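Residue-level listing of the chains:
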Amino acid sequence: MLLKILGSVLILSILIGCKNITSKGYFIYKGEIKIKLTEHARAKSYFPFYYECKDGEYLISINKTNNSIEIYDINKGELTNAIFYNKLNHFESGISSVYVHNFDSIFTISSWATNWVTLMDSSGRIKNQWRPGNFDCEGYPLKVDIFPAKYFNLYYYDNTLVLPLYPKGSNVASFKPPYSEFLNVKKKFQNMVIMKFNGDSLCPYDSIGKSPEVYDSNWYGGYQVTSTFNKDNNCLFSFASDDNLYLYSEQKLLKVIKSKSSYIEKFIVFDISKIRDQEYMSEYVSSTGSYMAILYDKYRNIYYRIVAHPQEYRLKNGQINQSSNRSYSVIILDENFNRLNEVYFPPKKYYFDNILVAKEGLLISNSHDSIPPVNKKYFSFSIFEYTK
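About the criteria used
- Residues numbered from 1 in each chain as written.
- Predicted model: local features only at pLDDT ≥ 70, side-chain atom pairs only at ≥ 80, totals over all residues.
- Heavy atoms only, no water.
- Core = buried A, V, L, I, M, F, W, Y, C linked by side-chain atoms within 4.5 Å.
- Buried < 20%, exposed > 50% of the residue type's maximum accessible area, 1.4 Å probe, protein only.
- Helix = DSSP H or I, 4+ residues; strand = E, 2+ residues; numbered from the N terminus.
- Contact = heavy atoms within 4.5 Å.
- Salt bridge = Lys/Arg side-chain N within 4 Å of Asp/Glu carboxyl O.
- Pairing = 2+ DSSP bridges.
- Axes fitted to C-alpha atoms, helices over the stretch in contact; angles between N-to-C directions.
- Polar contact = N/O pair within 3.5 Å; in protein donor to acceptor, adjacent residues only side chain to side chain.
- Phe/Tyr/Trp six-rings, centres within 6.5 Å; stacked < 30°, edge-to-face > 60°.

### Comments concerning the nonpolar core
1) Next: Counting residues in each nonpolar core, the largest one holds 53 residues, and the members touching the most others are Phe107, Leu161, Leu163, Met192, Leu236 and Phe237.
2) Next: Counting residues per element, this core draws most heavily on strand S17 (residues 190-198), which supplies five residues.
3) Next: When residues no more than four places from it in sequence are discounted, the contact partners of Phe237 are Phe152, Asn191, Met192, Ile208, Gly209, Val225, Thr226, Ser227, Asn244, Leu245, Tyr246 and Tyr248.
4) Next: By size, the runner-up hydrophobic cluster in this structure holds 24 residues, among which are Tyr29, Ala293, Val357 and Tyr386.

In structure tokens form, the structure reads like this:
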């Protein structure tokens, strides 16, 4: 692997700090990964996915500048393959997400809610395409879009494809005051649909991930949901403004796990009547803490919950406190969801919108405009291994 080892080992839970004094384990800083990007790629604009097999380790990135899926070999530190999807059917709008089951089975989702799911191989040969229809959410029919995000991606296992959903036209600004219908949509909505393969057909089986009760009557300025799948193919959901985690086995809710951060005292309810007040929106988003992601580490059989800390909106000198000034932490849970630690990370050192779980450990981006020096021609990650 292309690593830059920086001499002494850094134990984060001791030297950076942690509020949980009864913690079990710590992060060890192991060095960096740097991978040179292609001419048209920019590090801050692309959020790669990690894939590992017997042949090596890879970063998979969607390059929207030249309409390609780029496959970077981590060991070689360079591009090894590119699939130019603009020449393929139903890709006029581009690709919003990619999931590599293996290099013979690469799933993609088209952009701009066109809802095409495509199965291809690494040569770009299309093996099949589907366009799933609408789904019912507990008798409340909704038109939905397949809507993946960095930490809310599609997933494949045992002839089953799980797709992330979002209610079509459910942006709060598209509803009329007092926005009660918007809250009803959120209350009924299921966040993922389980699809089963029947030959070449892809058929809806059930939906999972109902919004937690905390969202039933309030809104928290956003509806970020993230998910991860463990070794048993159970799905764990994390919501931005909810301390709990939710574990599903297909359509069955198995467990609700308490996982509160030591750095978030409470969540501030968003005043929905101020949805069009830009200054209020800016202050809310910049100052409110949230749970950014939940990640499963199959190599160590543990979970990471990423926490963005609240901060003051204005500095003492009256200037606006930028979001890039906030600090973060990572909650670590064992395979039985027992809390092992919560490790603090200071501001302006890492880019927590871009995190990957890899064989070597947790990869946290250290390349972004807010982190000097900026090098836009490389994917650059710091490696942290959690040791119990």
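Still more to cover.
### Examining the pattern of salt bridges
1) Next: The tally for this structure, following the rule as stated, stands at 13 salt bridges.
2) Next: In this structure, Glu342 engages Arg339 in a salt bridge whose closest nitrogen and oxygen atoms are separated by 2.7 Å.
3) Next: A relative accessible area of 1% places Glu342 in the buried class.
4) Next: Judged by relative accessible area, Arg339 falls into the partly exposed class, the value being 29%.
5) Next: One network of salt bridges, in which partners are shared, links Lys30, Asp297, Arg300 and Glu385.

### Some words on the sheet that holds strand S24 (residues 302-308)
1) Next: The sheet built from four strands is open, its strands ordered S23-S24-S25-S26 with antiparallel pairing. Bordering the open sheet on either side are strand S23 (290-297) and strand S26 (339-345), each of which pairs with just one other strand. Neighbouring strand axes in the sheet, compared pairwise and without regard to direction, differ in orientation by 20° on average.
2) Next: Alignment of S24 against strand S25 (residues 328-333), held across six bridges, turns out to be antiparallel. Looking at S25, one finds that Arg305 is bridged to Ile331.

### Thoughts on the environment of Ile320
1) Next: By the secondary structure assignment, Ile320 is in the loop between S24 and S25.
2) Next: Sequence separation of Ile320 and Glu283 is 37 residues, and the distance between their C-alpha atoms is 8.7 Å.
3) Next: If we ignore the near neighbours within four places in the chain, the residues touching Ile320 are Tyr313 and Arg314.

### Topic: unusual backbone geometry
1) Next: Of note in the backbone geometry, Asn233 takes a positive phi value of approximately 60° without being a glycine.
2) Next: Examined against the element boundaries, Asn233 turns out to sit in the loop between strand S19 (225-229) and strand S20 (235-239).

### Let's talk about the pairing of strand S7 (residues 78-84)
1) Next: The sheet contact formed by strand S6 (residues 68-73) and S7 spans six bridges and is antiparallel. The partner of Asp73 across the bridge, within S7, is Glu78.
2) Next: Where S6 hands over to S7, the hairpin turn is made up of four residues, of which Gly77 adopts a positive phi near 70°.

### Describing helix H3 (residues 278-287)
1) Next: Regarding H3, the residues found buried are Tyr280, Tyr284, Ser286 and Ser287.
2) Next: Here H3 starts with a cap whose side-chain oxygen sits 3.2 Å from the backbone nitrogen of Glu279, and that cap is Asp277.

### Some points on the packing of aromatic side chains
1) Next: Within the structure shown, the criterion is met by 30 aromatic pairs.
2) Next: Ring centres of Trp130 and Phe197 lie 5.3 Å apart, and the angle between their planes is 70°; this geometry places the pair in the edge-to-face category. Note that Trp130 is positioned in strand S11 (residues 126-130) and Phe197 in strand S17, a separation of 67 residues in sequence. You'll find Trp130 and Phe197 in the same group, each marked buried.
3) Next: Geometrically, the ring pair formed by Tyr280 and Tyr284 is tilted, given 6.3 Å between the ring centres and 35° between the ring planes.

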